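Read off the chains here:
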Amino acid sequence: MKEGLNLLPSVAKFQAARINLKKKIGLAMAIFLGVWILSIIIVFVWIGINNFLLNKDKKQNTLALDRYKTLVTNVVISKRNKYQAKLVGKVLKERFEYGASIDKITNLFSENIALENFEIKEKKQFLLKYSLTNGTNLVEIEEKVRDINLGLMSDFKSAKLSSIKIDGIWTVEMEVSLI
């Protein structure tokens, strides 16, 4: 159609312009609605991705926090165990072992000299009572006392004969100190 000459009546021209305007408005509305729907889809996808990443980070954070709590608990338990072991070690170091000391006392002399009784006077000091069938074994006792006092027996500190009695059986009492 040429611009200069229009043979349509003015009502038809108005209707044609109106139809063209409706088409343009419909196209604009469709474009606007498409952009609007596309924007909403993009926003929801973006929110979904952010929620996914946030949940993933929350899980990692929870795992790290649980490992940290476990580590803290283990450190506290370890420190407490080390402290208790140190206390036990200190007690064991300072503790006097009566069993080993009694073994040393009972094995001090040969089988000919019988240990009748012993008494613990102090932590490392014992009062011993021996019986002998004859006086010849008294020499062994005197030699052991001498060896102990000279430091020849490593487990003993000192020894002293307290008394010697003869009533058919020889009875010897002596004091022994351990190291």
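Structure: see above.
Residues numbered from 1 in each chain as written. Predicted model: local features only at pLDDT ≥ 70, side-chain atom pairs only at ≥ 80, totals over all residues. Heavy atoms only, no water.

**Overview of the overall build of the protein**
Phase 1 of the analysis: A tally of helices and strands in the protein yields three helices and four strands.
Phase 2 of the analysis: The order of helices and strands in the protein, counted from the N terminus, is α-α-β-β-α-β-β.
Phase 3 of the analysis: The C-alpha radius of gyration of the protein comes to 54 Å, more than 25% above the 16 Å expected for a compact globule of 179 residues.
Phase 4 of the analysis: In terms of overall dimensions, the protein has a C-alpha envelope of 165 × 25 × 25 Å along the principal axes.
Phase 5 of the analysis: The buried share of the protein, reckoned over its 179 residues, is 16%. (Helix = DSSP H or I, 4+ residues; strand = E, 2+ residues; numbered from the N terminus. Rg over C-alpha atoms; globule rule 2.2 N^0.38 Å. Buried < 20%, exposed > 50% of the residue type's maximum accessible area, 1.4 Å probe, protein only.)

**With respect to the pairing of strand β2 (residues 125-132)**
Phase 1 of the analysis: Among the eight residues in β2, six count as buried, and that is most of the element.
Phase 2 of the analysis: Where strand β1 (residues 113-122) hands over to β2, the hairpin turn is made up of two residues, counted between the paired strands. (Pairing = 2+ DSSP bridges.)

**Some remarks on the sheet that holds β2**
Phase 1 of the analysis: Strand order in the open sheet made by the four strands is β1-β2-β4-β3, with antiparallel pairing throughout. Where the open sheet ends on each side, the last strands, each with one partner, are β1 and β3 (156-166). For this sheet, the mean angle separating the axes of adjacent strands, direction not counted, is 20 degrees.
Phase 2 of the analysis: As judged from the eight bridges shared by β1 and β2, these two strands associate in the antiparallel manner. Within the sheet, the bridge partner assigned to Ile-120 lies in β2 and is Phe-126.
Phase 3 of the analysis: Packed onto the sheet, helix α3 (residues 138-149) meets β1, β2, β3 and β4 (170-178) and runs at close to 155 degrees relative to β3. (Axes fitted to C-alpha atoms, helices over the stretch in contact; angles between N-to-C directions. Contact = heavy atoms within 4.5 Å.)

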